[in-house]
Amino acid sequence: MAEDGTFRSATHTGVRDHDPHGQDCRVREVLDRVADKWSLLVMALLAAGPRRYSELRRGIDGISQRMLTLTLRNLVRDGLVTRTVTPTTPPRVDYELTEVGHGLGSEVSALVRWAEGHLDYIAAARARYDAEQP
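Since the structure is predicted, the reported quantities are computational estimates derived from the model, not experimental observations.

Thresholds, definitions, all that
Residues numbered from 1 in each chain as written. Predicted model: local features only at pLDDT ≥ 70, side-chain atom pairs only at ≥ 80, totals over all residues. Heavy atoms only, no water. Patch = residues over 30% accessible without salt bridge, like charges linked within 9 Å, V, L, I, M, F, W, Y side chains within 5 Å. Areas by Shrake-Rupley, 256 points an atom, 1.4 Å probe, with all protein chains shown as cover. Salt bridge = Lys/Arg side-chain N within 4 Å of Asp/Glu carboxyl O. Helix = DSSP H or I, 4+ residues; strand = E, 2+ residues; numbered from the N terminus. Buried < 20%, exposed > 50% of the residue type's maximum accessible area, 1.4 Å probe, protein only. Axes fitted to C-alpha atoms, helices over the stretch in contact; angles between N-to-C directions. Parallel < 35°, antiparallel > 145°, perpendicular 65-115°, else oblique. Contact = heavy atoms within 4.5 Å. Nonpolar A, V, L, I, M, F, W, Y, C, P; charged D, E, K, R; others polar. Pairing = 2+ DSSP bridges. Polar contact = N/O pair within 3.5 Å; in protein donor to acceptor, adjacent residues only side chain to side chain. Core = buried A, V, L, I, M, F, W, Y, C linked by side-chain atoms within 4.5 Å.

**Student:** Outline a nonpolar patch on the surface, supporting the account with residue identities and numerical values.
**Tutor:** On the surface, L111, W114, Y121 and I122 cluster together into a nonpolar patch covering about 430 Å² of accessible area. Where the nonpolar patch is concerned, the elements lending two or more residues are α5 (99-117) and α6 (119-132). One can find Y121 in helix α6. Y121 gets classed as exposed once you look at its relative accessible area, which sits at 54%.

Below, the structure is given as C-alpha cells:
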C-alpha cells in the first residue's frame, strides 16, 4: 500500500531523464555564455557599433586584459561577434556584432539600461535587507 502523496509505481513522475547532450543542456550552455557579466557588457558596447580592443577595455570598468580576451574569443567562437584584423603597423583589430549578435545585442542593451535605471532601487533594497539581518 502506498503512503499518502506517493505513487505505487514509477509510471510518470513529471521529471525528464537527464540527457547531458539534450536541448536543455545546450540552452544552458548558451545562456551561461551570453549571460555572464563580461559578455553582457561587451555586447552592450558592441551594439552601438564596431569597437577596437582598446576601446572595449576602456569602456568596461574592472575587466582584465585576460578576461576581455577570453570573453571576445568565446563570443567569436559562438558566432555572435566577428574579429577583423587590418594589416597595419601595429595591426588593427576590430570587433563587431554579427547579425545574430545584433539580435541578442538589442536585448542585452535593454537589460543593461534596466540595470542602470534601477541601481539606486537595488542599493536601497540591499541596505534595508542588510539592516534587518541579525
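Moving on from the coordinates now.
**Student:** Any chance you could break down the packing of helix α2 (residues 37-46) against helix α4 (residues 65-77) for me, citing the residues and the numbers?
**Tutor:** Contact pair α2 / α4: the axes reach a minimum separation of 10 Å and the direction vectors enclose 75°. Taken together, the axis directions place α2 and α4 in an arrangement best described as roughly perpendicular. Of the residues in α4, those in contact with W38, S39, V42 and M43 of α2 are M67, L68, T71, L72 and L75. Within the contact of α2 with α4, the residues separate by chemical class into seven nonpolar, two polar and no charged.

**Student:** Provide a residue-level description of the pairing of strand β3 (residues 92-97), including the pertinent values.
**Tutor:** Put simply, side chains in a regular strand alternate between the two faces of the sheet. Inspection of the sheet shows strand β1 (residues 51-52) paired to β3 by two bridges, in the antiparallel sense. Each bridged residue has a counterpart across the sheet, and for R51 the counterpart in β3 is Y95. Examined bridge by bridge, strand β2 (residues 81-86) and β3 share six bridges and lie antiparallel to one another. Pairing of V85 across the sheet is with V93, part of β3.

**Student:** Go over the environment of D36, please, and point to the residues and values.
**Tutor:** Tracing the backbone shows D36 in the loop between α1 (23-34) and α2. Given a relative accessible area of 27%, D36 falls into the partly exposed group. Note: C-alpha distance between D36 and T71 (35 residues apart in sequence) is 9.4 Å. A polar atom in the side chain of D36 sits 2.8 Å from the side chain of S39.

**Student:** Tell me about the nonpolar core, and please be specific about residues and values.
**Tutor:** The tendency in soluble globular proteins is for nonpolar side chains to be buried as a group. Core analysis: the biggest nonpolar cluster contains 19 residues, and V42, L46 and Y95 have the highest contact counts within it. Every element with two or more residues in this core is listed here: α2, α4, β3 and α5. Top element by residues in this core is α2. It accounts for five residues. Apart from the residues within four sequence positions on either side, Y95 is in contact with L46, P50, R51, Y53, L56, L72, V76, V81, T82 and R83.

**Student:** So what about the side chain of T71? Which residues, and what values?
**Tutor:** Among the structural elements, T71 can be located in helix α4. Polar contacts involving the side chain of T71 include one to the main-chain carbonyl oxygen of M67, which spans 2.7 Å. With sequence-adjacent residues up to four places away left out, T71 is seen in contact with W38, S39 and V42.

**Student:** Let's hear about the sheet that holds β1: which residues, and what values?
**Tutor:** Across a sheet, paired strands are connected by hydrogen bonds in the backbone, their directions being either parallel or antiparallel. Taken in spatial order, the three strands make up an open sheet running β1-β3-β2, and their pairing is antiparallel. Pairing within the sheet leaves two strands with one partner each, and these edge strands are β1 and β2. On top of the sheet, α4 reaches β2 and β3; it is set at about 110° to β2, its chief contact.

Nothing here speaks to function; it is all geometry.
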